Every structure is written in structure tokens, then in C-alpha cells.
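Breakdown of the fold
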Amino acid sequence: MALRNIREIGDEILYKRSKEVKEVTPKTKQLIEDMLETMYKAEGVGLAAPQVGILKRIAVVDITEEQNNPIILINPVVIQEEGEQRGSEGCLSVPGKAGMVTRPNFVRVRAMDMDMNEVEYEGEELLARALVHEIDHLDGKLYVDMVEGELMDVGEMTEDE
């Protein structure tokens, strides 16, 4: 495993649509392992391949404090959304900043696993937010374009904002 450099806002690759993964090769598996290591080291809850400079439809998410339950998403698609939540959101590609964003409170996502078997994940609250945030990355979208109000320095925001 190896740490990858996280691309930051302004990098062109973050605004491009990622390509579908046709097969999982040893190189793909290595990328996923590297993405997990990079996400954990950066103390994030999700990371998409474009954030490490690779335009493939791959994302990883782990909202557990123990960082021991990674969700691996290959070619993910949101197939159901319900409700609404508004909360503070940040991104490893926008270091030190956060903003208020409205997202679905529940999502169901269909994707492929590491063996290219179809899987579905359901998430509420933080997991729903993380899943949709990472899938947005695969479509070249950043959360900063959805921020309600101003982007704030991390630590300045309160729940009321």
C-alpha cells in the first residue's frame, strides 16, 4: 500500500467525469488499497479516485470511528433518495474549509464490489451524505458549489449556521 497525493480544489481533474470500470485488475485493487490508506491517514470518511488523480468510477467510504468497515464502490449509482438533511460538510480536496450543504437524509446506492458483483448499500444521515458526496466527485462535482452561504474555516462553524 502507498499513500497517494490528494488533489485540491482548482485541479482540473476534480471537475471531470470519471470513466466506468470495466474490470478489476491487480492495479485496480492496488488503487483501492492506496485510497483506503490515504483516506485513513488524512482522517477522512470518504475518498474518490479523482481526488488521487485517477478518472475511474471508484470511491471508498468509512464513517466508523475504528476505521474498520470500508465500503468500496465501483461504478456507483444512487437509485433512491428520501428526506433531507442540512449540515456542515468538508472535503479532503478543500482542506481547512467547511460549509452548510443540504443532502438527502437516506440513499440507496447500487455499485460493484471488488469482484465485480452487484451490491447495494443503504445509508442515513452521515453515511448518506458521504455516499452522495463521493459519487458527486465521480461526476466532477464539488460540494463547494452547493454550499449555502459562505465557505468557512473549519472550527468557525456552529450548528445554527
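Preceding this section is the structure that the text describes.
For the structure given in this document, a descriptive report is provided here. (Residues numbered from 1 in each chain as written. Predicted model: local features only at pLDDT ≥ 70, side-chain atom pairs only at ≥ 80, totals over all residues. Heavy atoms only, no water.)

**A look at the overall build of the protein chain**
- Scanning the protein chain from terminus to terminus reveals two helices and eight strands.
- Taken from the N to the C terminus, the helices and strands of the protein chain come in the order α-β-β-β-β-β-β-β-α-β.
- For a compact globule of 161 residues, the expected C-alpha radius of gyration is about 15 Å, and the protein chain comes in at 15 Å, within 12% of that figure.
- Going through the 161 residues of the protein chain one by one, you find that 45% of them count as buried.
- Pairs at least 24 apart in sequence give 66% of the contacts found in the protein chain among residues at least 6 apart.
- Of note, the protein chain has its 18 positive side-chain charges centred 9 Å away from the centre of its 34 negative side-chain charges. (Helix = DSSP H or I, 4+ residues; strand = E, 2+ residues; numbered from the N terminus. Rg over C-alpha atoms; globule rule 2.2 N^0.38 Å. Buried < 20%, exposed > 50% of the residue type's maximum accessible area, 1.4 Å probe, protein only. Contact = heavy atoms within 4.5 Å. Lys, Arg positive; Asp, Glu negative; His and termini not counted. Charge placed at Lys NZ, Arg CZ, Asp CG, Glu CD.)

**Points about the environment of V61**
- Take V61: it is sitting in strand 2 (residues 58-61).
- In this structure V61 comes out as buried when scored by relative accessible area, which is 0%.
- Once the C-alpha coordinates of V61 and M35 are considered, the two residues, 26 residues apart in sequence, prove to be 9.9 Å apart.
- In this view, V61 contacts M39, V45, G46, N69, P70, I71, L73, L127, A130, L131 and E134; residues no more than four positions away in its chain are not counted.

**Brief notes about helix 1 (residues 26-41)**
- A rise of 1.5 Å per residue sets the reference length of helix 1, with its 16 residues, at 22 Å; its end C-alpha atoms lie 22 Å apart and thus fit the reference within 8%.
- If you check which residues of helix 1 are buried, you get T28, L31, I32, D34, M35, L36, T38, M39 and Y40.
- Contacts from the buried residues of helix 1 go to strand 1 (46-48), strand 2 and strand 3 (71-82).
- Where helix 1 ends, the next residue or the one after it, E43, has phi of about 60°, a positive value. (Expected span 1.5 Å × (residues − 1).)

**Some points on the side chain of N75**
- Position of N75 relative to the elements: it lies in strand 3.
- Of the residues examined, N75 reaches a relative accessible area of 13% and is grouped as buried.
- From its side chain, N75 meets the backbone nitrogen of V21 in a polar contact 2.8 Å long.
- Every residue in contact with N75, bar those within four places of it in the chain, is listed here: E20, V21, R57, R110, A111, M112 and M116. (Polar contact = N/O pair within 3.5 Å; in protein donor to acceptor, adjacent residues only side chain to side chain.)

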